[in-house]
Amino acid sequence: MAAAEGPAPRRIGFVGAGRMAEAIARGLVRAGKVEAQNVLASAPTNRNLCRFQALGCQTTHTNQEVLQSCSLVFLATKPHILPAVLVEVAPVVTAKHILVSVAAGVPLSTLEELLPPSTRVLRISPNLPCVVQEGAMVLARGRRAGNSEAELLQTLLAACGQCEEVPEAYMDIHTGLGGSGVAFVCAFSEALAEGAIKMGMPSDLAHRIAAQTLLGTAKLLLQEGRHPAQLRTDVCTPGGTTIHGLHALEQGGLRAATMSAVEAATSRAKELSRK
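These numbers come from a predicted model, not from an experiment. (Residues numbered from 1 in each chain as written. Predicted model: local features only at pLDDT ≥ 70, side-chain atom pairs only at ≥ 80, totals over all residues. Heavy atoms only, no water.)

### A look at the overall build of the protein
In terms of helices and strands, the protein carries 12 helices and 8 strands. Along the longest, intermediate and shortest principal axes, the C-alpha atoms of the protein span 70 × 35 × 30 Å. With 275 residues in all, the protein has 38% of them scored as buried. For the protein, restricting intrachain contacts to residue pairs at least 6 apart in sequence, the fraction spanning at least 24 positions comes to 64%. Counting only carbon and sulfur atoms, one obtains 59% of the accessible surface of the protein, whose full area is about 14800 Å². (Helix = DSSP H or I, 4+ residues; strand = E, 2+ residues; numbered from the N terminus. Buried < 20%, exposed > 50% of the residue type's maximum accessible area, 1.4 Å probe, protein only. Contact = heavy atoms within 4.5 Å. Areas by Shrake-Rupley, 256 points an atom, 1.4 Å probe, with all protein chains shown as cover.)

### Section: helix 7 (residues 171–179)
The complete set of buried residues in helix 7 reads Met 171, Asp 172, His 174, Thr 175, Gly 176 and Gly 178. Looking at the buried side of helix 7, the elements it contacts are strand 6 (120–125), strand 7 (135–141), helix 8 (181–198) and helix 12 (254–274).

### Topic: the nonpolar core
Ranked by internal contacts, the top residues of the largest apolar core, which has 36 residues, are Phe 14, Ile 24, Leu 28, Phe 52, Phe 74, Ile 124 and Leu 157. It is helix 1 (residues 19–30) that provides the largest number of residues to this core, a total of 5 residues. For Leu 28, the contacting residues outside a window of four places in its chain are Ile 12, Phe 14, Lys 33, Val 34, Phe 74, Leu 156, Ala 159 and Cys 160. Counting 25 residues, the second-largest nonpolar core is a separate cluster that includes Leu 75, Leu 82, Leu 86 and Leu 111. (Core = buried A, V, L, I, M, F, W, Y, C linked by side-chain atoms within 4.5 Å.)

### Some points on the packing of helix 7 against helix 12
At their nearest, the axes of helix 7 and helix 12 sit 8 Å apart, and the two run at 140° to each other. What the angle tells us is that helix 7 and helix 12 run oblique. Between helix 7 and helix 12 lies a crossing whose hand is right-handed. On helix 12, the residues that touch Asp 172, Ile 173, Thr 175, Gly 176 and Leu 177 of helix 7 are Val 262, Ala 265, Thr 266, Ala 269, Lys 270 and Ser 273. Considering only residue class, the contact of helix 7 with helix 12 consists of 5 nonpolar, 4 polar and 2 charged. (Axes fitted to C-alpha atoms, helices over the stretch in contact; angles between N-to-C directions. Parallel < 35°, antiparallel > 145°, perpendicular 65-115°, else oblique. Left-handed = near helix turned anticlockwise from the far one by under 90°. Nonpolar A, V, L, I, M, F, W, Y, C, P; charged D, E, K, R; others polar.)

### Re the layout of surface pockets
If you add up the space inside the second largest pocket, you get close to 1200 Å³. Around the second largest pocket, the lining is made up of 43 residues, and of these Met 20, Ala 76, Thr 77, Lys 78 and Pro 79 lie nearest the centre. Among the residues making up the lining of the second largest pocket, the classes are represented as 21 nonpolar, 15 polar and 7 charged. (1 Å grid on protein atoms, 1.4 Å probe; cavity = no way out; pocket = protein on both sides within 12 Å on 5 of 7 lines; lining within 4 Å. Points joined across faces, edges and corners; volume = space filled by probe spheres on them.)

### Considering unusual backbone geometry
A positive phi angle, close to 60°, is found at Gln 133, a residue other than glycine. Within the element layout of this structure, Gln 133 appears in the loop between strand 6 and strand 7. Under the relative-accessibility criterion, Gln 133 is labelled partly exposed at 28%.

### Things to note about the packing of aromatic side chains
Applying the stated criterion to the full structure yields 2 aromatic pairs. Ring centres of Phe 14 and Phe 52 lie 5.8 Å apart, and the angle between their planes is 55°; on these two criteria the pair is classed as tilted. One end of the pair, Phe 14, is in strand 1 (residues 8–15); the other, Phe 52, is in helix 2 (residues 46–55), and 38 residues separate them in sequence. With respect to burial, Phe 14 and Phe 52 carry one shared label: buried. In this structure Phe 14 comes out as buried when scored by relative accessible area, which is 1%. Following the ring pairs from residue to residue traces out a cluster consisting of Phe 14, Phe 52 and Phe 74. (Phe/Tyr/Trp six-rings, centres within 6.5 Å; stacked < 30°, edge-to-face > 60°.)

In short, shape yes, function no, at least from these values alone.
Written out as structure tokens, the structure is:
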């Protein structure tokens, strides 16, 4: 679908149309932050663009068209592709643009080096639950992005979940915690349900209860602002079922294994950042 000419503040662009780009776009549209027809996404083929089209968004195969049509643009390509994409779009980047990189491992210094000197650049590290408006995101601003750009981005991304500004050094840690953590939580939810299945509960019911237990626990932690250890203590009674189960988890090394998983994912994110 063709895009209207000239940058417009109410238009939001995506260069790259993968799952994370779709998750952010879907969250923004669902929350009414932008109308679907004012979203323009680019990708080399229709394989991913079809999901944007299903949302009612505009699409194109030309990256420069996104920059020419939108002043706020999410750069959501694969990290190893992003530098070449930046070189491609740099000729049409102006001082009016706000560019937001979603690519893990590509530092702000690289973005600023490959774009015109006056470009306002920010980085975000989102996670998959953005698609249901429950994402955990962090953002870091480049040298030329000010408070207004950071506040604008936080206001928009509130449609997708929680977004906090952090030093760029925390981005790789967030990849290990909030990004990879989705898979870690799914692994735990699966194991939790399978324990119930082993004891005789039907599979569908067990998985529903496990997921709801995770959701409810997370809401308690966030809404009451309590440390997990406090809530854990509240659930335990002397000689009761929970303390026996926690003992089994400690014997299995759950705590150490989880810490090691976040550490391993963060270390890999740092490795990728250096490439």
